[in-house]
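If you want the building blocks of each chain, they are given just below.
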Amino acid sequence: MEKEARPSWDNPLQFVLACVSYAVGLGNVWRFPYLCQMHGGGGFLIPYFIMLILEGIPLFYLELAIGQKMRLGSIGAWTAISPYLGGVGLASVVTSLYLCLYYNVINAWSFWYLFHSFQSVLPWADCPINSNRTGFLEECETATSTQYFFYRQTLDISSSIEENGGIHTGQALCLLLAWGITYMFIVRGVKSTGKVVYFTSTFPYVVLFIYLIRGVTLHGAINGVIYMFTPKMEQLANPTTWINAATQIFFSLGLGFGTLIAFASYNQYNNNFERQAIVVSLINSGTSIFASIVTFAIYGFKATVNYENCLERTRLLLLNTFSLAEDSITVDSLSGWIDRLNTTYPEQFAELANKLEDCNLETELDTAVEGTGLAFIVYSEAIKNMPLSQLWSVLYFFMLLLLGMGSMLGNVTAIITPLRDFKLVSNMSNELLNGNYWFTMFNDYGANFSLLFIVLIEVISVSYIYGIKRFEKDIEDMLGYRPNWYWKITWVLISPLLLITLFIVYIVNYIQGGTPTYQAWNKELGRSVVTEYPVFAQVFIGLLLVSSVSCVPLTALYVYCRQRKDGGLHRSQPTVSTLSTQ
């Protein structure tokens, strides 16, 4: 294969924007704020940045170096390093395929919410009227209007994974639209993707900035921002805090999918990927913090509204129960009146014990939500209470859609690039996935375990199989200088140890966790309840965990058997000589 025949980015900026568009995704908006909330607010930033320096940037650099040197996708690049390692690239392709199957489902949800935002009244602002037109639907009143719209109208969710909910026509069309747009974005390969990333990588920042201005001006937003930046340093002694910080860095940068190798393979041979690795990693982490400030401002607004509504419900309950004048009890004097009435009318007050709510702002702020619960329920609830709610809804879900599409471009590229290298495909075939419970299964088990394994094999292979000295020479050949001691010590020692630790912790937690569970929607209770996966689902989870990881040993076994059959490996393979020839 001639290097000159390979298409390339028009300029280095396109490559950087493609990496930013891919790395900065939904996890920055809906997982990082959750982890901050769970692990001590601003205190979480300490382990987060330590893990960024020790794990994130070095591994990001490593994958870019491999892709740019080889000018091949993941399968071809790792096969060139050693035919026995071709399974590493294949495992990356399988994992990216799993991610694509469910990631576009999120984009379909974003389309659904975006289309429903163009209404005079947002459909999740109020509960639907019942069939008798005598009041609201009981299931919706038991839950909330935002929960009902997401679970029952967006997903049309069944009561369990064992119950077939049928096809949601609207969602199927949105999913088809999401795949159609993805195809148009990548149909001409890097040439079309390079143009698209100018928009998908920059416009979300415009929306985030607008939301930041709006968010900090909302009533009670300062409560959320203060909560975020108030560190709980005792969380630093919690091992889970450090593990989650390392995991967040690892997955946020998109390591192990083969996307970074694929993107870098379209670079010019002497492109300065070292500087770009640092810049993209810092942009990604900075975006997480930026998005968290916006999210916690929204949190503060939502928590303050819920807290004040709780106080108002309590005030009305006391007024009606004790037949008091309307203006006798105010929100500010509520606590004093509760003590006074409890002392004066103990028996009557005791009857209210089950009706009185415990109104606490700190408790509202402590309620941690991640994933779809944050993106489609918490934000929707906050948006419906804003003036000009339709405008903020359109902006938010359009931003969410761009973040999702940007990540999809990267993952589809990770699949197509190595297949095109071997001329196995000339275009892309689309797959559809529906069903929230199956989405959850892919989300929880389709990538986490395999990515840890893949990147662990990557860094060990480069450092100890290919050899760190040879890798240094390859980098010098491209950049004109060798990597300094920081890069080498992280590749050889620190990153492998961190990855081994994460890998062991994941296995231990999975074993100790017992039977895998999921959140099933209960119509009577109007909320999700923890439910164990049935046997067939547990078998499927096992297949998800094993399918991609098994590519590594099975490919190595295949190469070994072929070697035995052929009487020895052919050392003159053209791909091997491309890695370090100068």
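Fair warning: this is a prediction, and the values are worked out from it, not measured in the lab.

1. So, the overall build of the protein chain
Thought 1: Helix and strand content of the protein chain: 25 helices and 2 strands.
Thought 2: Taking 582 residues into account, the globule formula puts the C-alpha radius of gyration at 25 Å, and the protein chain, at 26 Å, falls close to it.
Thought 3: Considered along the principal axes of its C-alpha atoms, the protein chain spans approximately 95 × 50 × 45 Å.
Thought 4: For the protein chain, the proportion of its 582 residues judged to be buried stands at 56%.
Thought 5: Long-range contacts, defined as pairs at least 24 residues apart, comprise 82% of the intrachain contacts of the protein chain with a sequence gap of at least 6.
Thought 6: Taken as a whole, the protein chain presents about 25000 Å² of accessible surface, with 60% of it coming from carbon and sulfur.
Thought 7: Here the protein chain carries 32 positive and 40 negative side-chain charges, and the mean point of each set is 16 Å from the other.

2. A few points about the UniProt feature "binding site: Na(+)" (unreviewed entry) in the protein chain
Thought 1: Under the present numbering, the feature "binding site: Na(+)" (unreviewed entry) in UniProt falls on Ala23, Val24, Asn28, Ser252, Asn284, Leu403 and Ser407. On the basis of their most widely separated C-alpha atoms, the annotated residues across 385 residues gather in one place, lying no more than 12.7 Å apart.
Thought 2: Counting through the fold element by element, Asn28 comes out in helix α2 (residues 26-30).
Thought 3: Given the relative accessible area of 2%, Asn28 is considered buried.
Thought 4: In this structure, Asn28 is in contact with Ala23, Pro33, Ser252, Asn284, Thr287, Ser288 and Ala291, ignoring residues within four places of it in sequence.
Thought 5: At 2.9 Å, the side chain of Asn28 forms a polar contact with the backbone nitrogen of Gly25.
Thought 6: Sequence-distant contacts of Leu403, that is, excluding residues within four places in its chain, are made with Val24, Gly25, Leu26, Val29 and Pro204.

3. A word on helix α24 (residues 535-549)
Thought 1: With 15 residues, α24 extends 22 Å between its outermost C-alpha atoms, agreeing within 8% with the 21 Å of an ideal straight helix rising 1.5 Å per residue.
Thought 2: Residues of α24 that are buried sit in contact with α6 (86-116), α21 (436-445), α22 (448-479), α23 (485-512) and α25 (551-566).

4. Thoughts on the state of the cysteines
Thought 1: Throughout the structure, instances matching the rule amount to 2 disulfides.
Thought 2: One disulfide bridge connects Cys127 with Cys140, the sulfur atoms lying 2.0 Å from each other. Where Cys127 bonds to Cys140 through sulfur, the torsion about that S-S bond is close to -80°, and the disulfide is left-handed. A residue pair is termed long-range when its members are at least 10 positions apart, and Cys127 in the loop between α6 and α7 (138-142) and Cys140 in helix α7 qualify at 13 residues. With respect to class, Cys127 is no different from Cys140; both count as buried.
Thought 3: Residue pairing for Cys310: its cysteine sulfur links by disulfide to Cys359, the two sulfurs lying 1.9 Å apart. Sign of the S-S torsion, about -80° for the bond between Cys310 and Cys359, identifies this disulfide as left-handed. Residue Cys310 is located in helix α15 (residues 273-321), and its partner Cys359 is located in the loop between α17 (346-350) and α18 (361-366); the two are separated by 49 residues in the primary sequence.

5. A few points about the nonpolar core
Thought 1: In terms of nonpolar packing, the biggest core is built from 173 residues, with Phe60, Ile66, Tyr211, Phe376, Tyr396, Phe471 and Trp491 touching the most fellow members.
Thought 2: Excluding its chain neighbours within four sequence positions, the residues that come into contact with Phe376 are Trp30, Ile106, Trp109, Ser110, Tyr113, Phe150, Phe397 and Leu400.
Thought 3: Counting residues in hydrophobic clusters, the runner-up holds 12 residues, among them Cys310, Phe322, Trp337 and Cys359.

6. What about a nonpolar patch on the surface?
Thought 1: Taken together, the side chains of Trp485, Ile489, Leu493 and Leu497 define a hydrophobic patch exposed on the protein surface, amounting to about 440 Å² of accessible area.
Thought 2: By secondary structure assignment, the location of Ile489 is in helix α23.
Thought 3: According to the relative accessible area criterion, Ile489 is partly exposed, its value standing at 38%.

7. Looking at the environment of Ile57
Thought 1: You can see Ile57 is positioned in helix α4 (residues 45-70).
Thought 2: Sequence separation between Ile57 and Phe397 is 340 residues, and the spatial gap between their C-alpha atoms is 30 Å.
Thought 3: Excluding its chain neighbours within four sequence positions, the residues that come into contact with Ile57 are Leu52, Leu253, Ile278, Ser281, Tyr486 and Trp487.

The rules behind the values
In every chain, residue numbers begin from 1 and rise along the written sequence. For a predicted model such as this one, the threshold for reporting local features is a pLDDT of at least 70, and the threshold for listing and counting side-chain atom pairs is 80 or more; totals across whole chains, interfaces and linings nevertheless cover every residue. To obtain the side-chain values, all non-hydrogen atoms of the structure were used and water was disregarded. Helix and strand assignments come from DSSP, with helices taken as H or I runs of at least 4 residues and strands as E runs of at least 2, each series counted from the N terminus. Between the two quantities, the radius of gyration covers C-alpha atoms and the globule rule is 2.2 Å times the number of residues to the power 0.38. Think of it in three bands: residues with accessible area under 20% of the maximum for their type are buried, residues over 50% are exposed, and the middle band is partly exposed, with areas taken using a 1.4 Å probe on protein chains only. When checking whether two residues touch, look at their non-hydrogen atoms; a contact exists if any pair is within 4.5 Å. The Shrake-Rupley method, run with a 1.4 Å probe, gives the accessible areas here. Residue values count only the displayed protein chains as cover. In this tally, Asp and Glu contribute negative charge and Lys and Arg positive charge; neither His nor the terminal groups of the chain are included. Where a charge lies is defined by one atom per residue type: Lys uses NZ, Arg uses CZ, Asp uses CG and Glu uses CD. UniProt positions are given in the numbering used here, feature names are shortened, and annotations may be inferred rather than shown by experiment. Throughout this description, a polar contact denotes any pair of N or O atoms lying within 3.5 Å of each other; where both atoms belong to protein, one of them has to be capable of donating a hydrogen while the other can accept it, and for residues adjacent in sequence the pair is counted only when both atoms sit in side chains. One less than the number of residues in a helix, times 1.5 Å, gives the span that helix is expected to have. The disulfide criterion used throughout: a pair of cysteine sulfur atoms within 2.5 Å. The nonpolar core is taken to be a set of buried Ala, Val, Leu, Ile, Met, Phe, Trp, Tyr and Cys residues, with the residues joined through side-chain atoms within 4.5 Å. Within this analysis, patches are made of residues with over 30% relative accessible area and no salt bridge. Like charges are joined at 9 Å or less; nonpolar side chains (Val, Leu, Ile, Met, Phe, Trp, Tyr) at 5 Å or less. Any carboxyl oxygen of Asp or Glu within 4 Å of a side-chain nitrogen of Lys or Arg constitutes a salt bridge here.

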